[in-house]
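Listed here are the chains, written in short residue letters.
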Amino acid sequence: MWLRRSGAFGAAMAIVFLTACTGGMRSDSAPGGAVKADSANRTVTARGRQFATALSSVKSVPVEANIDRAAATGARIFRIEQVAVLDPASHQTFDVPRSQVKQTSGGIVLFEGAKQIVLSREARIVSATHYGYIFRRGSQADPDPRLHAERIR
Amino acid sequence: MRFWVRTLVPMLFVVAVATAGAGEAYVNQPSDGGGGDGSAYPTAPPGNMCYLASGLGTSMGLDSLGSGFTRATLGWTLSSGNSYKSQVRTVAVGGDGEITYDSGWVDMTPGDTDLPGGQSGYATQTFPDGTDYSGGLTITDQFTNMEGQTSYADGMIYPPDPVTNSC
(Lines give C-alpha, C1' and ligand atoms only; values in the text may rest on other atoms or scores of the structure.)
Protein backbone atom coordinates (compact mmCIF):
# COMPACT_ATOMS: atom_id res chain seq x y z
CA MET A 1 0.00 0.00 0.00
CA TRP A 2 2.72 2.39 1.04
CA LEU A 3 4.77 1.52 -1.98
CA ARG A 4 1.91 2.18 -4.34
CA ARG A 5 1.02 5.51 -2.72
CA SER A 6 4.49 6.96 -2.61
CA GLY A 7 5.80 5.68 -5.88
CA ALA A 8 8.85 4.51 -3.97
CA PHE A 9 8.69 1.08 -5.54
CA GLY A 10 9.23 2.48 -9.02
CA ALA A 11 11.98 4.78 -7.82
CA ALA A 12 13.70 1.94 -5.99
CA MET A 13 13.57 -0.27 -9.07
CA ALA A 14 15.08 2.49 -11.18
CA ILE A 15 17.88 3.11 -8.70
CA VAL A 16 18.74 -0.59 -8.53
CA PHE A 17 18.81 -0.77 -12.33
CA LEU A 18 20.96 2.34 -12.75
CA THR A 19 23.36 1.36 -9.99
CA ALA A 20 23.94 -1.98 -11.64
CA CYS A 21 24.61 -0.34 -15.00
CA THR A 22 26.96 2.43 -13.90
CA GLY A 23 28.86 0.21 -11.49
CA GLY A 24 29.80 -2.05 -14.37
CA MET A 25 31.12 0.78 -16.47
CA ARG A 26 33.45 2.06 -13.80
CA SER A 27 35.05 -1.22 -12.83
CA ASP A 28 37.32 -1.60 -15.82
CA SER A 29 41.04 -1.25 -15.29
CA ALA A 30 44.16 -1.17 -17.39
CA PRO A 31 47.24 -3.39 -17.06
CA GLY A 32 49.37 -2.80 -14.03
CA GLY A 33 46.60 -1.24 -12.00
CA ALA A 34 46.46 2.01 -13.93
CA VAL A 35 42.95 3.34 -13.84
CA LYS A 36 41.17 3.16 -17.14
CA ALA A 37 38.70 5.89 -17.87
CA ASP A 38 35.55 4.63 -19.47
CA SER A 39 35.07 5.35 -23.12
CA ALA A 40 32.54 8.06 -22.35
CA ASN A 41 35.35 10.21 -20.98
CA ARG A 42 35.85 11.62 -24.42
CA THR A 43 33.66 14.71 -24.47
CA VAL A 44 35.70 17.87 -24.81
CA THR A 45 34.24 20.70 -22.74
CA ALA A 46 35.11 24.36 -23.17
CA ARG A 47 37.38 24.10 -20.14
CA GLY A 48 39.03 20.97 -21.49
CA ARG A 49 39.59 22.70 -24.80
CA GLN A 50 41.37 25.59 -23.04
CA PHE A 51 43.83 23.21 -21.39
CA ALA A 52 44.29 21.22 -24.58
CA THR A 53 45.21 24.42 -26.43
CA ALA A 54 47.69 25.48 -23.75
CA LEU A 55 49.30 22.05 -23.60
CA SER A 56 49.50 21.78 -27.36
CA SER A 57 51.45 25.02 -27.58
CA VAL A 58 54.03 23.59 -25.16
CA LYS A 59 54.11 20.37 -27.15
CA SER A 60 54.40 22.05 -30.51
CA VAL A 61 58.03 22.99 -29.94
CA PRO A 62 61.01 20.65 -29.56
CA VAL A 63 62.05 19.76 -26.04
CA GLU A 64 65.33 21.63 -26.56
CA ALA A 65 63.39 24.87 -27.15
CA ASN A 66 61.38 24.31 -23.98
CA ILE A 67 64.64 23.81 -22.07
CA ASP A 68 66.17 27.00 -23.48
CA ARG A 69 63.08 29.07 -22.78
CA ALA A 70 62.73 27.75 -19.21
CA ALA A 71 66.42 28.26 -18.47
CA ALA A 72 66.19 31.83 -19.72
CA THR A 73 63.47 32.49 -17.16
CA GLY A 74 65.46 31.09 -14.25
CA ALA A 75 64.23 27.50 -14.12
CA ARG A 76 66.48 24.75 -12.79
CA ILE A 77 66.53 21.89 -15.27
CA PHE A 78 67.32 18.26 -14.53
CA ARG A 79 67.44 15.23 -16.74
CA ILE A 80 66.77 11.62 -15.92
CA GLU A 81 67.89 8.56 -17.89
CA GLN A 82 65.06 6.82 -19.69
CA VAL A 83 64.73 3.79 -21.95
CA ALA A 84 61.96 2.76 -24.34
CA VAL A 85 60.53 -0.73 -24.03
CA LEU A 86 58.23 -2.42 -26.55
CA ASP A 87 56.12 -5.49 -25.83
CA PRO A 88 54.85 -6.56 -29.26
CA ALA A 89 52.73 -9.36 -27.83
CA SER A 90 50.52 -7.02 -25.82
CA HIS A 91 51.00 -3.91 -28.02
CA GLN A 92 52.37 -1.90 -25.12
CA THR A 93 55.10 0.71 -25.18
CA PHE A 94 56.88 2.16 -22.16
CA ASP A 95 59.16 5.14 -21.71
CA VAL A 96 60.53 4.57 -18.24
CA PRO A 97 63.57 5.34 -16.07
CA ARG A 98 66.31 2.79 -16.51
CA SER A 99 66.06 2.07 -12.77
CA GLN A 100 62.50 0.80 -13.27
CA VAL A 101 63.56 -1.89 -15.77
CA LYS A 102 64.71 -5.27 -14.46
CA GLN A 103 65.98 -7.92 -16.84
CA THR A 104 65.24 -11.35 -15.36
CA SER A 105 65.69 -14.87 -16.68
CA GLY A 106 62.00 -14.82 -17.60
CA GLY A 107 62.17 -11.53 -19.42
CA ILE A 108 61.61 -7.88 -18.53
CA VAL A 109 59.87 -6.74 -15.35
CA LEU A 110 58.88 -3.10 -15.00
CA PHE A 111 58.16 -1.17 -11.80
CA GLU A 112 59.26 -4.03 -9.55
CA GLY A 113 57.06 -4.16 -6.47
CA ALA A 114 53.37 -3.95 -5.79
CA LYS A 115 52.57 -2.44 -9.19
CA GLN A 116 55.04 -4.37 -11.30
CA ILE A 117 54.30 -5.41 -14.85
CA VAL A 118 55.77 -8.66 -16.16
CA LEU A 119 56.16 -8.34 -19.90
CA SER A 120 56.03 -11.11 -22.47
CA ARG A 121 59.19 -12.91 -23.56
CA GLU A 122 59.19 -10.94 -26.80
CA ALA A 123 59.45 -7.62 -24.98
CA ARG A 124 62.70 -5.75 -25.48
CA ILE A 125 64.42 -2.45 -24.89
CA VAL A 126 64.20 -0.60 -28.20
CA SER A 127 66.14 2.58 -27.53
CA ALA A 128 69.49 3.76 -26.40
CA THR A 129 69.41 5.75 -23.20
CA HIS A 130 67.70 9.08 -23.69
CA TYR A 131 66.45 11.68 -21.24
CA GLY A 132 63.28 13.05 -19.69
CA TYR A 133 63.53 16.66 -18.49
CA ILE A 134 62.36 18.01 -15.14
CA PHE A 135 61.81 21.72 -14.65
CA ARG A 136 61.82 23.36 -11.19
CA ARG A 137 61.36 26.99 -10.29
CA GLY A 138 61.85 29.15 -7.21
CA SER A 139 61.01 27.27 -4.04
CA GLN A 140 59.91 24.11 -5.82
CA ALA A 141 61.87 21.16 -4.42
CA ASP A 142 64.57 19.57 -6.55
CA PRO A 143 63.94 15.97 -7.59
CA ASP A 144 64.49 13.35 -4.90
CA PRO A 145 68.22 12.36 -4.88
CA ARG A 146 67.16 8.70 -5.05
CA LEU A 147 65.98 9.33 -8.62
CA HIS A 148 69.53 10.21 -9.73
CA ALA A 149 68.36 13.18 -11.76
CA GLU A 150 71.26 15.22 -13.10
CA ARG A 151 71.06 19.01 -13.14
CA ILE A 152 72.01 20.39 -16.57
CA ARG A 153 71.05 24.11 -16.32
CA MET B 1 -4.06 1.42 -13.90
CA ARG B 2 -3.38 3.62 -10.88
CA PHE B 3 -0.74 1.16 -9.77
CA TRP B 4 1.14 1.52 -13.03
CA VAL B 5 0.86 5.28 -13.03
CA ARG B 6 2.13 5.49 -9.48
CA THR B 7 4.94 3.04 -10.17
CA LEU B 8 6.10 4.01 -13.62
CA VAL B 9 5.98 7.76 -13.27
CA PRO B 10 8.44 7.90 -10.36
CA MET B 11 10.57 5.29 -12.09
CA LEU B 12 10.80 7.35 -15.24
CA PHE B 13 11.44 10.48 -13.19
CA VAL B 14 14.38 8.88 -11.38
CA VAL B 15 15.77 7.50 -14.63
CA ALA B 16 15.52 10.94 -16.25
CA VAL B 17 17.25 12.69 -13.35
CA ALA B 18 19.96 10.07 -13.09
CA THR B 19 20.56 10.03 -16.82
CA ALA B 20 20.91 13.79 -16.89
CA GLY B 21 23.40 13.61 -14.03
CA ALA B 22 25.26 10.77 -15.63
CA GLY B 23 25.50 12.70 -18.87
CA GLU B 24 27.36 15.40 -17.06
CA ALA B 25 29.41 12.87 -15.14
CA TYR B 26 30.61 11.33 -18.36
CA VAL B 27 32.08 14.67 -19.35
CA ASN B 28 35.40 13.93 -17.77
CA GLN B 29 34.17 13.52 -14.23
CA PRO B 30 36.82 14.59 -11.74
CA SER B 31 38.39 11.53 -10.22
CA ASP B 32 37.07 10.61 -6.82
CA GLY B 33 40.47 9.67 -5.48
CA GLY B 34 40.19 6.04 -6.44
CA GLY B 35 39.49 3.88 -9.43
CA GLY B 36 37.29 0.91 -9.95
CA ASP B 37 40.16 -1.43 -9.23
CA GLY B 38 40.86 0.18 -5.88
CA SER B 39 44.07 1.91 -6.87
CA ALA B 40 44.34 5.52 -5.82
CA TYR B 41 44.98 8.44 -8.08
CA PRO B 42 47.82 10.63 -6.92
CA THR B 43 46.64 13.90 -5.49
CA ALA B 44 48.05 17.01 -7.05
CA PRO B 45 46.83 20.49 -6.40
CA PRO B 46 43.93 21.16 -6.53
CA GLY B 47 43.05 17.55 -5.75
CA ASN B 48 40.71 15.74 -8.08
CA MET B 49 41.52 15.93 -11.76
CA CYS B 50 39.62 15.54 -15.03
CA TYR B 51 40.59 12.80 -17.47
CA LEU B 52 40.11 12.89 -21.23
CA ALA B 53 41.09 10.60 -24.09
CA SER B 54 40.72 11.82 -27.67
CA GLY B 55 41.67 10.95 -31.24
CA LEU B 56 42.74 7.30 -31.33
CA GLY B 57 42.95 7.43 -27.54
CA THR B 58 40.44 5.29 -25.68
CA SER B 59 41.46 5.73 -22.06
CA MET B 60 43.73 7.78 -19.83
CA GLY B 61 44.98 6.80 -16.41
CA LEU B 62 47.47 7.96 -13.82
CA ASP B 63 48.86 6.27 -10.74
CA SER B 64 51.79 6.53 -8.39
CA LEU B 65 54.20 3.61 -8.48
CA GLY B 66 55.45 4.12 -4.93
CA SER B 67 59.04 4.18 -6.13
CA GLY B 68 59.36 7.92 -6.62
CA PHE B 69 57.62 7.87 -9.98
CA THR B 70 54.12 8.38 -11.33
CA ARG B 71 53.00 6.76 -14.55
CA ALA B 72 50.55 8.01 -17.13
CA THR B 73 48.92 5.34 -19.27
CA LEU B 74 47.16 6.04 -22.55
CA GLY B 75 45.01 3.38 -24.20
CA TRP B 76 44.58 3.45 -27.97
CA THR B 77 43.08 1.53 -30.87
CA LEU B 78 44.61 1.58 -34.35
CA SER B 79 42.72 1.36 -37.62
CA SER B 80 43.12 -1.93 -39.41
CA GLY B 81 44.76 -2.56 -42.74
CA ASN B 82 48.13 -1.00 -42.06
CA SER B 83 51.05 -1.03 -39.67
CA TYR B 84 52.35 1.92 -37.75
CA LYS B 85 55.42 3.57 -36.32
CA SER B 86 54.93 5.14 -32.90
CA GLN B 87 56.40 8.13 -31.12
CA VAL B 88 55.27 9.20 -27.66
CA ARG B 89 55.64 12.45 -25.73
CA THR B 90 54.48 13.55 -22.29
CA VAL B 91 54.36 17.17 -21.17
CA ALA B 92 53.28 18.52 -17.77
CA VAL B 93 52.49 22.12 -16.88
CA GLY B 94 52.32 23.58 -13.37
CA GLY B 95 49.72 25.82 -11.82
CA ASP B 96 51.72 28.87 -12.90
CA GLY B 97 51.45 27.84 -16.54
CA GLU B 98 55.12 26.91 -16.79
CA ILE B 99 56.38 23.57 -18.01
CA THR B 100 57.40 21.10 -15.28
CA TYR B 101 58.17 17.92 -17.26
CA ASP B 102 58.91 17.14 -20.92
CA SER B 103 59.91 13.73 -22.21
CA GLY B 104 60.50 14.95 -25.74
CA TRP B 105 59.43 12.65 -28.57
CA VAL B 106 60.49 9.07 -27.88
CA ASP B 107 60.68 6.60 -30.76
CA MET B 108 58.97 3.38 -29.68
CA THR B 109 59.35 1.49 -32.96
CA PRO B 110 62.89 2.04 -34.27
CA GLY B 111 64.26 0.20 -37.27
CA ASP B 112 61.92 -2.34 -38.80
CA THR B 113 59.68 -2.73 -35.75
CA ASP B 114 56.10 -1.53 -36.00
CA LEU B 115 52.68 -1.94 -34.47
CA PRO B 116 50.00 -3.85 -36.40
CA GLY B 117 46.76 -2.09 -37.30
CA GLY B 118 43.40 -3.15 -35.93
CA GLN B 119 44.84 -3.65 -32.46
CA SER B 120 44.42 -1.96 -29.12
CA GLY B 121 47.34 -1.21 -26.86
CA TYR B 122 48.81 1.11 -24.28
CA ALA B 123 51.54 3.72 -24.08
CA THR B 124 53.02 4.36 -20.65
CA GLN B 125 55.34 7.16 -19.63
CA THR B 126 56.63 8.02 -16.17
CA PHE B 127 57.65 11.22 -14.43
CA PRO B 128 58.87 11.94 -10.90
CA ASP B 129 56.44 12.11 -8.00
CA GLY B 130 56.02 15.69 -6.87
CA THR B 131 55.87 17.03 -10.41
CA ASP B 132 53.28 19.80 -10.49
CA TYR B 133 50.76 18.99 -13.20
CA SER B 134 47.98 21.18 -11.87
CA GLY B 135 48.16 23.18 -15.12
CA GLY B 136 47.51 20.01 -17.11
CA LEU B 137 49.34 16.93 -18.32
CA THR B 138 49.19 15.35 -21.73
CA ILE B 139 50.50 12.14 -23.24
CA THR B 140 50.43 11.89 -27.03
CA ASP B 141 51.11 8.86 -29.19
CA GLN B 142 51.84 9.84 -32.78
CA PHE B 143 51.23 7.00 -35.23
CA THR B 144 52.54 7.07 -38.77
CA ASN B 145 51.43 4.42 -41.23
CA MET B 146 53.44 3.00 -44.11
CA GLU B 147 51.98 5.65 -46.47
CA GLY B 148 53.36 8.39 -44.25
CA GLN B 149 49.94 9.42 -42.92
CA THR B 150 49.96 10.53 -39.30
CA SER B 151 47.27 10.18 -36.66
CA TYR B 152 47.27 10.79 -32.94
CA ALA B 153 46.05 9.30 -29.69
CA ASP B 154 45.85 11.89 -26.95
CA GLY B 155 45.28 11.63 -23.23
CA MET B 156 44.94 14.66 -21.00
CA ILE B 157 44.58 15.36 -17.29
CA TYR B 158 43.54 18.79 -16.10
CA PRO B 159 42.07 20.37 -12.99
CA PRO B 160 38.32 20.83 -12.65
CA ASP B 161 36.78 24.26 -12.17
CA PRO B 162 37.76 25.30 -8.63
CA VAL B 163 34.28 26.64 -7.89
CA THR B 164 31.94 24.14 -9.54
CA ASN B 165 34.32 21.14 -9.58
CA SER B 166 33.12 20.42 -13.11
CA CYS B 167 35.37 19.51 -16.00
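Residues numbered from 1 in each chain as written. Chains lettered and ligands numbered in written order. Predicted model: local features only at pLDDT ≥ 70, side-chain atom pairs only at ≥ 80, totals over all residues. Heavy atoms only, no water.

(A) Inspection of the overall build of chain B at higher detail. Each helix and strand in chain B was counted, giving one helix and 10 strands. When its helices and strands are written in sequence order, chain B yields α-β-β-β-β-β-β-β-β-β-β. Counting over 167 residues, chain B shows a buried share of 53%. Across chain B, every contact between residues at least 6 apart in sequence was considered, and the portion connecting residues at least 24 apart equals 61%. (Helix = DSSP H or I, 4+ residues; strand = E, 2+ residues; numbered from the N terminus. Buried < 20%, exposed > 50% of the residue type's maximum accessible area, 1.4 Å probe, protein only. Contact = heavy atoms within 4.5 Å.)

(B) Looking closely at the environment of N82 of chain B. All names here are of chain B. Examined against the element boundaries, N82 turns out to sit in the loop between β3 (69–77) and β4 (83–93). C-alpha of N82 to C-alpha of L115: the two residues are 33 residues apart in sequence and 8.9 Å apart in space. Every residue in contact with N82, bar those within four places of it in the chain, is listed here: P116, G117, N145, M146 and E147. Separated by 2.6 Å, the side chains of N82 and E147 make a polar contact. (Polar contact = N/O pair within 3.5 Å; in protein donor to acceptor, adjacent residues only side chain to side chain.)

(C) Structural detail: the side chain of N66 of chain A. Looking at the element boundaries, N66 of chain A is found in helix α4 (residues 63–72). Setting aside anything within four residues of it in sequence, one finds N66 of chain A in contact with V58, V61 and F135 of chain A together with R89, I99 and D102 of chain B.

(D) Focus on the sheet that holds strand β4 (residues 107–110) of chain A. Residues and elements named next belong to chain A. The three strands are arranged β3-β4-β5 in an open sheet whose pairing can be described as antiparallel. Only two strands of the sheet have a single neighbouring strand rather than two, namely β3 (101–104) and β5 (117–118). Note: β4 against β5, two bridges, orientation antiparallel. Residue pairing for β5: V109 is matched across the bridge by V118. (Pairing = 2+ DSSP bridges.)

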